[in-house]
Amino acid sequence: MSGFEKELAGKRALVTGGTRGIGAAIVSRLLEAGADVLTTARAATGAAPEGASFVRADVRTKAGAEALAAAVQDVLGGVDVVVHNAGGARPYEGSAAIPDEEWQDALDLNLLASVRLDALLTPGMRERGSGAIVHISSAAVLTPEASSFLHYVAAKAALETYSRGLAAELAPHGVRVNTVSPGRVATPGGERTRTQWAEVAARTGVGGDAAGATPPLGRDGHPDDIAHAVLFLVSERASWLTGRNLIVDGGEFPMG
Ligand SMILES: NC(=O)c1ccc[n+]([C@@H]2O[C@H](COP(=O)([O-])OP(=O)(O)OC[C@H]3O[C@@H](n4cnc5c(N)ncnc54)[C@H](OP(=O)(O)O)[C@@H]3O)[C@@H](O)[C@H]2O)c1
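Residues numbered from 1 in each chain as written. Predicted model: local features only at pLDDT ≥ 70, side-chain atom pairs only at ≥ 80, totals over all residues. Heavy atoms only, no water.

**Notes on the site of the ligand**
Stage number 1. Surrounding the ligand, one finds 32 residues, the nearest of these being Thr19, Arg42, Asn85, Tyr152 and Thr187.
Stage number 2. The side chain of Thr19 places a nitrogen or oxygen atom 2.6 Å from an oxygen atom of the ligand.
Stage number 3. Within the side chain of Thr187, one N or O atom sits 2.5 Å away from an oxygen atom of the ligand.
Stage number 4. In the complex, the protein chains occlude 94% of the 890 Å² of accessible area that the ligand would expose alone. (Near = heavy atom within 4 Å. Polar contact = N/O pair within 3.5 Å; in protein donor to acceptor, adjacent residues only side chain to side chain. Areas by Shrake-Rupley, 256 points an atom, 1.4 Å probe, with all protein chains shown as cover.)

**Focus on the side chain of Arg29**
Stage number 1. Considering the arrangement of structural elements, one finds Arg29 in helix α1 (residues 21-32).
Stage number 2. Since its relative accessible area comes to 13%, Arg29 is described here as buried.
Stage number 3. In this structure the side chain of Arg29 is engaged in a polar contact, spanning 2.5 Å, whose partner is the side chain of Glu32.
Stage number 4. Setting aside anything within four residues of it in sequence, one finds Arg29 in contact with Asp224, Ala227, His228 and Leu231. (Helix = DSSP H or I, 4+ residues; strand = E, 2+ residues; numbered from the N terminus. Buried < 20%, exposed > 50% of the residue type's maximum accessible area, 1.4 Å probe, protein only. Contact = heavy atoms within 4.5 Å.)

**Some points on the packing of α1 against helix α6 (residues 223-234)**
Stage number 1. Interaxial distance between α1 and α6 falls to 8 Å at its minimum, and their mutual angle equals 50 degrees. In terms of orientation, α1 and α6 fall into the oblique class. Our pair here, α1 against α6, has a crossing hand that is right-handed. Along the contact surface, α1 presents Gly21, Ile22, Ala25, Ile26, Arg29 and Leu30, while α6 presents Pro223, Asp224, Ile226, Ala227, His228, Val230, Leu231 and Val234.
Stage number 2. For the contact of α1 with α6, the class distribution of residues is ten nonpolar, two polar and two charged. (Axes fitted to C-alpha atoms, helices over the stretch in contact; angles between N-to-C directions. Parallel < 35°, antiparallel > 145°, perpendicular 65-115°, else oblique. Left-handed = near helix turned anticlockwise from the far one by under 90°. Nonpolar A, V, L, I, M, F, W, Y, C, P; charged D, E, K, R; others polar.)

**Quick notes on the packing of aromatic side chains**
Stage number 1. Per the stated rule, a full pass over the model turns up two aromatic pairs.
Stage number 2. Seen in terms of ring centroids, Phe149 and Tyr152 are 5.3 Å apart; in terms of plane orientation they differ by 50 degrees. Their pairing is tilted.
Stage number 3. The class for Phe149 is buried, based on a relative accessible area of 7%.
Stage number 4. Centre to centre, the rings of Phe149 and Trp197 are 5.6 Å apart; their planes meet at 80 degrees, and the pair counts as edge-to-face. Taken as a pair, Phe149 in the loop between β5 (131-136) and α4 (150-170) and Trp197 in helix α5 (residues 188-204) lie far apart in primary sequence, 48 residues in all. Here the two residues Phe149 and Trp197 agree in accessibility, since each one is buried.
Stage number 5. An aromatic cluster of at least three residues, connected via ring pairs, comprises Phe149, Tyr152 and Trp197.
Stage number 6. One residue, Arg90, lies across the ring of Tyr92, its end atom 4.5 Å from the ring centre.
Stage number 7. One residue, Arg237, lies across the ring of Phe4, its end atom 4.0 Å from the ring centre. (Phe/Tyr/Trp six-rings, centres within 6.5 Å; stacked < 30°, edge-to-face > 60°. Lys NZ or Arg CZ within 6 Å of the ring centre and 35° of its normal.)

**What to know about the pairing of β5**
Stage number 1. For β5, a buried count of six out of six residues is recorded, marking the element as mostly surrounded by other parts of the structure.
Stage number 2. Across four bridges, strand β4 (residues 81-84) lies against β5 in parallel orientation. Counted as the bridge partner of Val83 is Val134 from β5.
Stage number 3. Where β5 lies against strand β6 (residues 175-182), six bridges are found, and the strand directions are parallel. Bridge pairing in β6 places Gly131 opposite Val175.
Stage number 4. Assessed by its sense of winding, the connection that carries the chain from β5 through α4 to β6 is right-handed. (Pairing = 2+ DSSP bridges. Right-handed = clockwise from strand over helix to strand, strands pointing away.)

**Describing the nonpolar core**
Stage number 1. Ranked by size, the top nonpolar core spans 27 residues in total, and within it Ile26, Leu30, Val37, Val83, Val134, Val230 and Val234 carry the most contacts.
Stage number 2. Looking at this core, the elements with two or more residues in it are β1 (12-16), α1, β4, β5 and α6.
Stage number 3. Residues Val72, Val82, Ala113 and Leu121 belong to the second largest nonpolar core, which totals 23 residues. (Core = buried A, V, L, I, M, F, W, Y, C linked by side-chain atoms within 4.5 Å.)

**Details of α5**
Stage number 1. With 17 residues, α5 should cover 24 Å at 1.5 Å per step; its first-to-last C-alpha distance of 24 Å lies within 8% of that length.
Stage number 2. All of the buried residues along α5 are Gly190, Thr193, Arg194, Trp197, Val200 and Ala201. Each buried residue of α5 lies within a common arc of 125 degrees when the element is viewed along its axis, so the set occupies one face. Among the exposed residues of α5, those pointing more than 90 degrees away from its buried face are Thr195 and Ala202.
Stage number 3. Just beyond α5, the residue with positive phi is Gly205, at close to 85 degrees. (Expected span 1.5 Å × (residues − 1). Arc of directions from axis to C-beta.)

Geometric values such as these leave the question of function open.
So, in structure tokens, the structure goes:
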């Protein structure tokens with residue numbers, strides 16, 4: 001027995017992008033810990049883990065953020081835990097090849113989705129004097145020079161800076177804000193990106209070795225490796241922890 005069973009009982013949690021990969025694992029771990037969980041995805045047929053509430057929304061848009069904030073009130077009656085997980089982008093053969101609309105899309109999904117949703121949800125948290133927010137970034141931010149998706153790593157880097165600033169702003173109000181940066185994790189989105197990355201690298205040489213070396217801990221990540229870190233950060237066990245970025249990568253990336 002860990003002594004932490006049902007440690008989120010009575011907590012209301014929103015997780016974006018919870019129908020597969022890392023997001024689905026986060027939803028499952030939060031449910032196990034006793035939270036009421038609402039999640040979202042674009043696909044109408046999105047299969048959220050059993051026990052979670054689901055609302056269809058596209059977090060890239062202001063309308064999507066507003067619909068989600070309304071659903072938070074309707075379904076959960078407010079929110080104590082927010083995990084901004086939806087993210088991603090496709091690689092290109094160099095920065096000049098990234099179309100303007102792909103830059104905008106990467107910024108909308110990986111930065112502005114969090115900014116807009118936080119703006120709608122943090123006033124309630126401030127009022128109650130408690131809350132925990134986690135932004136999912138990427139360890140790829142540590143090595144932008146090896147990237148064929150500079151729009152993605154630049155957006156995630158901005159997310160990390162935004163997250164730190166928000167943490168400072170909200171700490172006096174009892175709201176904690178942290179970032180988790182995954183390394184290479186086996187998910188549908190991760191595998192799709194690495195296939196596209198390898199294709200760009202093979203064709204143009206941009207992006208380097210998509211397969212990469214096995215992380216020092218001997219394997220790629222599992223979605224639960226990230227979900228456990230998130231669960232810790234939103235729990236009372238992390239009540240003295242804010243404004244930090246937890247890199248969960250099997251030891252792969254250089255210490256930043
Ligand atoms: N996997 C990795 O190796 C890795 C490494 C570093 C960082 N990350 C980060 O970890 C997070 C999760 O990655 P993942 O690999 O688990 O992704 P994934 O397998 O592609 O799953 C993404 C989830 O987000 C949803 N989603 C995508 N766009 C959305 C939108 N605009 N609005 C609402 N929901 C949306 C997807 O459902 P729909 O498609 O139906 O919308 C799905 O539920 C991302 O922020 C990613 O950047 C992943």
